[in-house]
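In case you want the letters, here they are:
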There are 2 protein chains.
Amino acid sequence: MNKIITISREFGSGGRELGRRLSEELGIAYYDQEIITEISKRTSLSEQYVQAIAEKRPSFSFPIHIHHSFYPGINPVFEHSLSVYKEQTNIIKEAAEKSDCVIVGRCADYILKEYKPLRFFIYADMDSKMKRCREKAPEGEHFTDRELKQHIKGIDKGRAQYYEFYTDHSWGDRLNYDFCINTTQVVIKEIVPVIAKLC
Amino acid sequence: MNKIITISREFGSGGRELGRRLSEELGIAYYDQEIITEISKRTSLSEQYVQAIAEKRPSFSFPIHIHHSFYPGINPVFEHSLSVYKEQTNIIKEAAEKSDCVIVGRCADYILKEYKPLRFFIYADMDSKMKRCREKAPEGEHFTDRELKQHIKGIDKGRAQYYEFYTDHSWGDRLNYDFCINTTQVVIKEIVPVIAKLC
């Protein structure tokens, strides 16, 4: 069975960078944006649209039991969210079958549970997450501290809702992970060779 | 500054064994029962009594604001708990000054925060904690599954109350630790050389 490493992460914790560097350190495949591109190809939805609805809980503009409702139409965004998740599941399983790999986010820890992945959860305190976000902010982004904090909390709330919708487990609950790593006072680049020893 | 490693752990997670083996692997001092013995010497309380009140929140048979109350006497167990904690704090700081070391439990992560310890939290799911407890149970201990579960939960509840009383932080809150390690499917002996690489 291939060596599968999944990285769940709080926004701003440096988890994505850690995942990418870890794959380089170990010399194994890394899946992140490639998954969006592949979903886009398979569903004929634009990458931008897939990006917008991936890792978000489906939106219910119609009642939850949509197939049993008396509404004449079906909410297309809801349908697309389910299709995207389905394709994402297929792609993630294909990746796991293909070779050793690191997969960031996307419920991969749950989707691949039969492959016994090594599951990391990366977190940090709010100040250091804000600092990381400021350092990586696109030009022209001008959040106040309060807005940035709300932004970070909002993204993690979305990730939690997404994870819970599809897995029925709590995102961030330590029992869903093998190692939880606090990156508050850590330079990601420096910690990766050490983390690689755990894999 | 010496290398200080603190191990907080759920009851039955194998955290104590992990701490002991880690100190052996790293060839550094290990403090656990020695702390009780030393407190006993310094306070002239029996080891058995110190053991019974250490790592427990002081018991309030009298009002919390005991020094401002109108009660004529002072609850001796409450006083002893505070003395034991005070001596424990001194002993833990002396240990940290003396040499590299591993310290299990006893709010050491908080007491030694100025020494920037590497703080581990060891946890596992309930089934594996019950299994570990059964394997290490003293002869003659016959808990039903339900009783054992209650016993484990009760001990961890006590540890949480103790930690929160003295540190004003939440025991088990991942932000208080650098690494949280799930020992559910782990043989402690096998994981220790890997954990040592993190130190």
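Residues numbered from 1 in each chain as written. Chains lettered and ligands numbered in written order. Predicted model: local features only at pLDDT ≥ 70, side-chain atom pairs only at ≥ 80, totals over all residues. Heavy atoms only, no water.

Draft legend 1. Local environment of the nonpolar core. Membership of the largest hydrophobic core comes to 62 residues, with the highest contact counts inside it found for A:Ile103, A:Leu112, B:Ile103 and B:Leu112. Contacts of B:Ile103, omitting those with residues within four sequence positions, involve B:Ile5, B:Thr6, B:Ile7, B:Tyr31, B:Ile35, B:Ile92, B:Ala108 and B:Leu112. Core analysis: the second largest hydrophobic core is formed by 36 residues, A:Ile5, A:Val192, B:Phe179 and B:Leu198 among them. (Core = buried A, V, L, I, M, F, W, Y, C linked by side-chain atoms within 4.5 Å. Buried < 20%, exposed > 50% of the residue type's maximum accessible area, 1.4 Å probe, protein only. Contact = heavy atoms within 4.5 Å.)

Draft legend 2. Here's a closer look at the pairing of strand 4 (residues 118–123) of chain A. Residue and element names in this part refer to chain A. Sheet analysis places strand 1 (residues 4–9) next to strand 4, joined by five bridges and oriented parallel. Paired with Thr6 across the bridge in strand 4 is Arg119. The pairing of strand 4 with strand 5 (residues 179–182) spans four bridges and is parallel. Opposite Ile122, over in strand 5, you have Ile181 as the bridge partner. (Pairing = 2+ DSSP bridges. Helix = DSSP H or I, 4+ residues; strand = E, 2+ residues; numbered from the N terminus.)

Draft legend 3. Representation of the confidence of the model for chain A in the model. All names here are of chain A. Looking at chain A as a whole, the pLDDT averages 89, with 92% of positions reaching at least 70. Within the model, pLDDT remains below 50 along residues 62–69, and this stretch shows nine contacts once partners closer than five positions in the same chain are excluded. As scored by the predictor, the complex reaches a pTM of 0.89 and an ipTM of 0.87. (pLDDT = per-residue confidence, 0-100.)

Draft legend 4. Seen up close, the side chain of A:Glu10. Residues and elements named next belong to chain A. Its place among the elements puts Glu10 in the loop between strand 1 and helix 1 (15–26). For Glu10, a relative accessible area of 8% translates into the label buried. At 3.3 Å, the side chain of Glu10 forms a polar contact with the backbone nitrogen of Ala124. (Polar contact = N/O pair within 3.5 Å; in protein donor to acceptor, adjacent residues only side chain to side chain.)

Draft legend 5. The arrangement of helix 7 (residues 145–167) of chain B in detail. Residue and element names in this part refer to chain B. Along its 23 residues, helix 7 runs 33 Å from first to last C-alpha, staying within 8% of the 33 Å computed at 1.5 Å per residue. Leu148, Ile152, Asp156, Gly158, Arg159, Ala160, Tyr162, Tyr163, Tyr166 and Thr167 are the residues of helix 7 that are buried. Against the buried residues of helix 7 lie strand 1 (4–9), helix 4 (76–98), helix 5 (108–111) and helix 6 (126–136). Backbone geometry just after helix 7 places Asp168 at a positive phi near 65°. (Expected span 1.5 Å × (residues − 1).)

Draft legend 6. Local environment of the packing of aromatic side chains. Summed over all chains, the structure comprises 16 aromatic pairs over all chains. When the centroid spacing of 5.7 Å and the interplanar angle of 25° are considered together, the rings of A:Phe120 and A:Phe179 count as stacked. With A:Phe120 in strand 4 and A:Phe179 in strand 5, this residue pair connects regions lying 59 residues apart in the sequence. Both residues of the pair, A:Phe120 and A:Phe179, belong to the buried class. A centroid spacing of 5.4 Å and a plane angle of 75° characterise the contact between A:Phe121 and A:Trp171, whose relative ring orientation is edge-to-face. Of this pair, A:Phe121 sits in strand 4 while A:Trp171 sits in the loop between helix 7 (145–167) and strand 5, placing them 50 residues apart in sequence. In this structure an aromatic cluster arises from ring pairing among A:Tyr85, A:Tyr162, A:Phe165 and A:Tyr166. Lying over the aromatic face of B:Tyr110, B:Lys113 brings its terminal NZ or CZ to 4.0 Å of the ring centre. (Phe/Tyr/Trp six-rings, centres within 6.5 Å; stacked < 30°, edge-to-face > 60°. Lys NZ or Arg CZ within 6 Å of the ring centre and 35° of its normal.)

Draft legend 7. Focus on the sheet that holds strand 3 (residues 101–104) of chain A. One open sheet accounts for 10 strands, arranged 2(A)-3(A)-1(A)-4(A)-5(A)-5(B)-4(B)-1(B)-3(B)-2(B); its pairing is mixed. Only two strands of the sheet have a single neighbouring strand rather than two, namely strand 2 (29–31) of chain A together with strand 2 (29–31) of chain B. Between one strand and the next, the sheet's axes are offset by a mean angle of 20°, whatever the strand orientation. Seen against the sheet, helix 4 of chain B touches strand 1, strand 2 and strand 3 (101–104) of chain B and runs at an angle of roughly 160° to strand 3 of chain B. (Axes fitted to C-alpha atoms, helices over the stretch in contact; angles between N-to-C directions.)

Draft legend 8. Highlighting the pairing of strand 1 of chain A. Residues and elements named next belong to chain A. Of all six residues that make up strand 1, six are buried, and the element is covered over most of its length. Neither face of strand 1 is left uncovered, since the one carrying Ile4, Thr6 and Ser8 and the one carrying Ile5, Ile7 and Arg9 both have all their residues buried. Taken together, the four bridges between strand 1 and strand 3 define a ladder with parallel strand orientation. Each bridged residue has a counterpart across the sheet, and for Thr6 the counterpart in strand 3 is Ile103.

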